[in-house]
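# Per-entry structural report
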Amino acid sequence: TYWHNGKTEKYKGYCTDVFFSEALNFIEENKDSPFFCYISTNAPHGPLNLPEEYFNIYKDKSEEELPEKLKRFYGMITNIDDNFKALQKKLDALNLTDNTILIFTTDNGTAGGNRIYDAGLKGSKGSEYEGGHRVPLFIRWPDGRLTGGRDIDKLVAHYDLLPTFVDLLGFNFTPVKPLDGMS
């Protein structure tokens, strides 16, 4: 059961699949006008439930190679990857790719820390070290000349996105309260 437009509704299927499916339907319904679609998954996260086919991708790895908890964690990540690919394909099919700002990011550093791949970063979720707060941030917007292939070495946080896009889009925006972020 999930909240949908202020009401609870029952759905069948894995939560991440449901979230993306609903988002793809929303995009299809709103393809002819500007829209904002925000998909916030609760995966990868405990209790590490996932569709069997995503666990099965990693099940043949030995426990020493990859403990069951990490098989489940990686399966959840693979599911997100597949859903994100479906989102990109939907944007392509609707000819929305070039004029859509597409952002992928996460909310905190890895919960697994150095038990899983952490690019050599120290710390994990909740830590003041880079492994606790450094996250991927991918932005693509071809018509806005944001096409990738560049590394930005400036410190940025999620609250910098709003003022940055207000500037990029040339919006006349007066916030109700002072913003924490900057362009």
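Note that the coordinates shown come from a computational prediction; the quantities given were computed from them, not determined experimentally.

## A look at the packing of helix H1 (residues 15–29) against helix H3 (residues 68–93)
The interhelical angle for the contact between H1 and H3, taken along N-to-C directions, is 10 degrees, at an axis separation of 10 Å. As the angle between them shows, H1 and H3 are arranged roughly parallel. Where H1 abuts H3, its residues Thr 16, Asp 17, Phe 20, Leu 24, Ile 27 and Glu 28 lie against Asn 79, Ile 80, Asn 83, Phe 84, Ala 86, Leu 87, Lys 90 and Leu 91. For the contact of H1 with H3, the class distribution of residues is 8 nonpolar, 3 polar and 3 charged.

## Remarks on the state of the cysteines
In the structure shown here, the tally under the stated rule is 0 disulfides. Here Cys 15 stays free of any disulfide, with the sulfur of Cys 37 as its closest cysteine sulfur at 16 Å. Accessibility expressed as a relative area gives 12% for Cys 15, which makes it buried.

## Some points on the nonpolar core
Membership of the largest hydrophobic core comes to 14 residues, with the highest contact counts inside it found for Tyr 14, Ala 43, Leu 50 and Met 76. Of all elements in the fold, only helix H2 (52–56) and H3 reach the threshold of two or more residues within this core. Counting residues per element, this core draws most heavily on H3, which supplies 4 residues. Excluding residues that lie within four positions of it along the chain, Ala 43 makes contacts with Tyr 14, Thr 16, Met 76 and Ile 80.

## Section: the environment of Asn 108
Its location among the elements puts Asn 108 in the loop between strand E3 (102–105) and helix H4 (130–133). For Asn 108, a relative accessible area of 22% corresponds to the partly exposed category. Remark: the alpha-carbon pair of Asn 108 and Glu 130, spanning 22 residues in sequence, is separated by 10.0 Å. In contact with Asn 108, other than residues within four places in its own chain, are Lys 125, Gly 132 and Val 135.

## Quick look at unusual backbone geometry
At the junction of Ala 43 and Pro 44, the peptide bond is cis and its omega measures out at 0 degrees in the coordinates. Here the amide bond leading from Gly 46 into Pro 47 is cis, since omega sits at 20 degrees, within 30 degrees of zero. Within the fold, Pro 47 resides in the loop between H1 and H2. Within the chain, Leu 48 stands out as a residue other than glycine whose phi angle is a positive 60 degrees. As for its position among the elements, Leu 48 is in the loop between H1 and H2. Even without being a glycine, Asn 95 presents a positive backbone phi close to 55 degrees. Mapped onto the secondary structure, Asn 95 falls in the loop between H3 and E3. Residue classification places Asn 95 among the exposed positions, given a relative accessible area of 72%.

Rules used in this analysis
Residues numbered from 1 in each chain as written. Predicted model: local features only at pLDDT ≥ 70, side-chain atom pairs only at ≥ 80, totals over all residues. Heavy atoms only, no water. Axes fitted to C-alpha atoms, helices over the stretch in contact; angles between N-to-C directions. Helix = DSSP H or I, 4+ residues; strand = E, 2+ residues; numbered from the N terminus. Parallel < 35°, antiparallel > 145°, perpendicular 65-115°, else oblique. Contact = heavy atoms within 4.5 Å. Nonpolar A, V, L, I, M, F, W, Y, C, P; charged D, E, K, R; others polar. Disulfide = S-S within 2.5 Å. Buried < 20%, exposed > 50% of the residue type's maximum accessible area, 1.4 Å probe, protein only. Core = buried A, V, L, I, M, F, W, Y, C linked by side-chain atoms within 4.5 Å.

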